[in-house]
There are 4 protein chains.
Amino acid sequence: MIELDRDAMTPMYVQLANVLRDRIRHGQIPVGRRLPSQSELEAETGGAVSRRTIKTALEVLADEGLVQGVQGKGVFVIALPANPPASE
Amino acid sequence: MIELDRDAMTPMYVQLANVLRDRIRHGQIPVGRRLPSQSELEAETGGAVSRRTIKTALEVLADEGLVQGVQGKGVFVIALPANPPASE
Amino acid sequence: MIELDRDAMTPMYVQLANVLRDRIRHGQIPVGRRLPSQSELEAETGGAVSRRTIKTALEVLADEGLVQGVQGKGVFVIALPANPPASE
Amino acid sequence: MIELDRDAMTPMYVQLANVLRDRIRHGQIPVGRRLPSQSELEAETGGAVSRRTIKTALEVLADEGLVQGVQGKGVFVIALPANPPASE
DNA sequence: GTGGTCTAGACCACA
DNA sequence: GTGGTCTAGACCACC
């Protein structure tokens, strides 16, 4: 289950991207593996976000070079995130 | 045994085509010889792919001019692959 | 139903070829149409002939240029027979 | 409406490819335009062929370099066919 | 909505 | 047995 806060300052798609990025960082979805499908993510969030929002979140991760979509197969992890923007 | 990864980014039929192309390249199946039959390939993959998908893989190799199907006989190697996509 | 006479002088495959040639001549199977499949012919003859014999009959018609097999589709009429060797 | 003959010698997917190639040749679908979608083609043929078979027909045209599929958009004409198999 | 991937069967001629 | 044809579905990302 993915918990998102509709009333938070952070946009839903950023929240979702953050959740997925963390999963990737912590190896819950290793490089080369598929992310949950858009439908699965929609279900995992309890329908809190639309498919359009999910797509936006995935675009964020794609822009970061972390994931890549493949027609008919799914969205795949292709790299680990850089160090978390932690205590710099 | 042929190991395919259903959850990989690469479509199953491309994975299978890659495996067979390598076998041809390395002379494990010389020019003029028959490939394993579609049923045998289905078994070799542990039933990971259907015959239709196997056919798609063979179509890839046929499009590359490497193999050719003969009615009631099998699929035969008719040429060696061009140089592997070099690691230059 | 196709009636063949096992005890006739004429070989079974010739008898069968004759039956089929007549059907073609009389337009029961027009040019461009498919003949009954080998299995269907086997059934039509009540199992009186083996598939090998059926194939031989079809080869006769193919040699006469009347029919042509197509992989995965069937055997097709491609021409009408010449005048029957009647009262020459 | 697209008329296909299930019982013809020519495979259904070849018949369909021929129809579409003619449409392209005669400018009914100009270069750069989209072909009817796979679902539309399924309907145009009166459901005579499955989507998989339609795809096979489109693969034929793609192999000839006439069309190209675009994800989520459709299949587009990218070139005119070479001279028709002349009646010389 | 679109095309791309994949399944699990069927029937066919041919060897 | 073999490969070639075809079906009637499914799920996926993408638009």
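Structural data are supplied above this passage.
Reading the values: the criteria
Residues numbered from 1 in each chain as written. Chains lettered and ligands numbered in written order. Predicted model: local features only at pLDDT ≥ 70, side-chain atom pairs only at ≥ 80, totals over all residues. Heavy atoms only, no water. Helix = DSSP H or I, 4+ residues; strand = E, 2+ residues; numbered from the N terminus. Rg over C-alpha atoms; globule rule 2.2 N^0.38 Å. Buried < 20%, exposed > 50% of the residue type's maximum accessible area, 1.4 Å probe, protein only. Contact = heavy atoms within 4.5 Å. Areas by Shrake-Rupley, 256 points an atom, 1.4 Å probe, with all protein chains shown as cover. Lys, Arg positive; Asp, Glu negative; His and termini not counted. Charge placed at Lys NZ, Arg CZ, Asp CG, Glu CD. Near = heavy atom within 4 Å. Polar contact = N/O pair within 3.5 Å; in protein donor to acceptor, adjacent residues only side chain to side chain. Nonpolar A, V, L, I, M, F, W, Y, C, P; charged D, E, K, R; others polar. Buried area = accessible area lost by both parts, 1.4 Å probe. Salt bridge = Lys/Arg side-chain N within 4 Å of Asp/Glu carboxyl O. Axes fitted to C-alpha atoms, helices over the stretch in contact; angles between N-to-C directions. Parallel < 35°, antiparallel > 145°, perpendicular 65-115°, else oblique. Left-handed = near helix turned anticlockwise from the far one by under 90°. Expected span 1.5 Å × (residues − 1). Pairing = 2+ DSSP bridges.

## Comments concerning the overall build of chain A
Along the backbone of chain A there are 3 helices and 2 strands. The order of helices and strands in chain A, counted from the N terminus, is α-α-α-β-β. By the compact-globule yardstick of 12 Å for 88 residues, chain A fits well, its C-alpha radius of gyration being 13 Å. Looking at chain A as a whole, 32% of its 88 residues qualify as buried. Restricting to contacts in chain A with at least 6 residues of sequence separation, those with at least 24 account for 52%. By element, 49% of the accessible surface of chain A is carried by carbon and sulfur atoms, the whole surface being about 5,300 Å². Taken together, the 10 basic and 11 acidic charged side chains of chain A have centroids lying 8 Å from each other.

## What about the protein's contact with DNA strand E?
Neighbouring DNA strand E are 37 residues, the closest being M12(B), S50(B), T53(B), R51(C) and S37(D). Sugar plus phosphate: this is where 70% of the atoms of DNA strand E within 4 Å of the protein reside. Note that a phosphate oxygen of DNA strand E is positioned 2.6 Å from one of the side-chain N or O atoms of T53(B).

## Looking at the protein's contact with DNA strand F
In the vicinity of DNA strand F there are 36 residues, among which R51(A), M12(D), A48(D), S50(D) and T53(D) approach most closely. Backbone sugar and phosphate groups make up 69% of those atoms of DNA strand F lying within 4 Å of the protein. A distance of 3.4 Å is found between a sugar or linking oxygen of DNA strand F and a side-chain nitrogen or oxygen belonging to Q71(C). Within the contact set of DNA strand F, a phosphate oxygen lies 2.6 Å away from a backbone nitrogen or oxygen of M12(D). A total of 3 residues in the surface near DNA strand F trace back to one element, the largest contributor, which is helix 3 (residues 51-63) of chain B. Along the lines of polarity and charge, the residues of the surface near DNA strand F split into 9 nonpolar, 17 polar and 10 charged.

## Quick look at the interface of chain A and chain B
Between chain A and chain B, the residue contacts involve 8 residues of the former and 7 residues of the latter. Counting each side, the surface lost to burial between chain A and chain B is near 540 Å², with a carbon and sulfur contribution of 59%. If you sort the residues of chain A by the area they bury against chain B, R33(A), K73(A) and F76(A) come out on top, with a joint share of 65%. If you look at where chain A meets chain B, you find 1 salt bridge. Across the pair R33(A) and D7(B) runs a salt bridge, and its minimum N-O distance is 4.0 Å. Applying the counting criterion to the chain A and chain B interface returns 1 residue pair in polar contact (both at pLDDT 80 or more). When the residues that make up the side of chain A that touches chain B are grouped by side-chain class, the tally is 3 nonpolar, 2 polar and 3 charged.

## Details of the packing of helix 1 (residues 12-25) of chain A against helix 3 (residues 51-63) of chain A
Residues and elements named next belong to chain A. At a minimum axis separation of 8 Å, helix 1 and helix 3 run at an interaxial angle of 55°. Considering the angle they form, helix 1 stands oblique to helix 3. As helix 1 runs across helix 3, the sense of the crossing is right-handed. Packed against helix 1, whose contacting residues are M12, Y13, L16, A17, L20 and R21, the element helix 3 presents T53, I54, T56, A57, L58, V60 and L61 at the interface.

## Notes on helix 3 of chain A
All names here are of chain A. The terminal C-alpha atoms of helix 3, which comprises 13 residues, lie 18 Å apart, in line with the 18 Å expected from a rise of 1.5 Å per residue. Buried residues along helix 3 sit in contact with helix 1, helix 2 (38-44), strand 1 (67-70) and strand 2 (74-77). A positive backbone phi angle near 80° is found at G65, which sits one or two residues after helix 3.

## Overview of the environment of V31(B)
Here V31(B) is to be found in the loop between helix 1 (12-25) and helix 2 (38-44). Between the C-alpha atoms of V31(B) and L66(B), which are 35 residues apart in sequence, the distance is 8.8 Å.

## Details of the side chain of E44(A)
Residues and elements named next belong to chain A. Position of E44 among the secondary structure elements: in helix 2. Engagement of the side chain of E44 in a polar contact is seen with the side chain of R23, the distance being 3.1 Å. Beyond its immediate stretch of four places on either side in the chain, E44 contacts M1, I2, R23 and P36.

## Describing the pairing of strand 1 of chain A
All names here are of chain A. With 4 bridges connecting them, strand 1 and strand 2 associate as antiparallel partners. Bridge assignment links G69 to a residue of strand 2, and that residue is V75. In sequence, strand 1 turns back onto strand 2 through a hairpin of 3 residues, with G72 there showing a positive phi of about 75°.

## Structural notes on the environment of G74(C)
Residues and elements named next belong to chain C. Considering the arrangement of structural elements, one finds G74 in strand 2 (residues 74-77). Remark: the alpha-carbon pair of G74 and A8, spanning 66 residues in sequence, is separated by 29 Å. Sequence-distant contacts of G74, that is, excluding residues within four places in its chain, are made with R34, Q68 and G69.

## Section: the environment of I2(B)
Residues and elements named next belong to chain B. Considering the arrangement of structural elements, one finds I2 in the segment before helix 1. Using a relative accessible area of 3% as the deciding quantity, one classes I2 as buried. Considered as a pair, I2 and E44 are 42 residues apart in the sequence and their alpha carbons are 5.6 Å apart. Discounting chain neighbours no more than four positions away, the residues touching I2 are L16, V19, R23, L41, E44 and T45.

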